[in-house]
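# Results of the structural survey
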Amino acid sequence: MLKPLGDRVVLKVEEKEQTVGGFVIAKASQAETKTAEVIAVGEGVRTLSGELVAPSVKVGDTVLVENHAGVEVKDGDEKYTIVGTASILAIVEA
């Protein structure tokens, strides 16, 4: 399994992008965003004073992420995308 570093997140991108949490995504926005499930989360980043700031997402969250963000990787037969938390636009709440 992949363990992301810093403020990075491992995502499993969902294939269907028609609705997000019951909201229909406009055609123009579908090309710019995608939904994904959070598979793994890094520990966060440290501030200048040394405090650890944890990411605001957790494993199991469904998120809306920029379409071209991150790096696609394979772990066995599964495809994942690794992104920084800044590329996550929203958490989808059901």
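Report on the accompanying structure. (Residues numbered from 1 in each chain as written. Predicted model: local features only at pLDDT ≥ 70, side-chain atom pairs only at ≥ 80, totals over all residues. Heavy atoms only, no water.)

A sheet is described by the order of its strands in space; here 6 strands give the open sequence 8-9-1-4-7-10, paired in antiparallel fashion. On the outer flanks of this sheet lie strand 8 (71-75) and strand 10 (88-92), each paired with one strand and no other. The sheet shows a mean angle of 45° between the axes of neighbouring strands, direction not considered. Where strand 1 (residues 8-13) meets strand 4 (residues 33-41), 5 bridges bridge the pair, whose relative direction is antiparallel. Across the sheet, the residue bridging to leucine 11 is valine 38, located in strand 4. (Pairing = 2+ DSSP bridges. Helix = DSSP H or I, 4+ residues; strand = E, 2+ residues; numbered from the N terminus. Axes fitted to C-alpha atoms, helices over the stretch in contact; angles between N-to-C directions.)

Turning our eyes to something else, we now look at the side chain of aspartate 61. Tracing the backbone through its elements, the reader meets aspartate 61 in the loop between strand 6 (52-53) and strand 7 (62-66). When its relative accessible area of 10% is taken as the criterion, aspartate 61 is described as buried. (Buried < 20%, exposed > 50% of the residue type's maximum accessible area, 1.4 Å probe, protein only.)

Following the sequence through the fold, serine 87 ends up in the loop between strand 9 (78-84) and strand 10. A residue is classified by how much of its surface remains accessible, and serine 87, at 15% relative accessible area, is buried.

The subject of this paragraph is the pattern of salt bridges. The full count for this structure, using the stated rule, is 2 salt bridges. The partner of lysine 12 in a salt bridge is glutamate 78, with the nearest N and O atoms 2.4 Å apart. Taken together, the residues span a long stretch of sequence, with lysine 12 in strand 1 and glutamate 78 in strand 9 at a distance of 66 residues. Residue glutamate 78 is classed as partly exposed on the basis of its relative accessible area, which comes to 33%. (Salt bridge = Lys/Arg side-chain N within 4 Å of Asp/Glu carboxyl O.)

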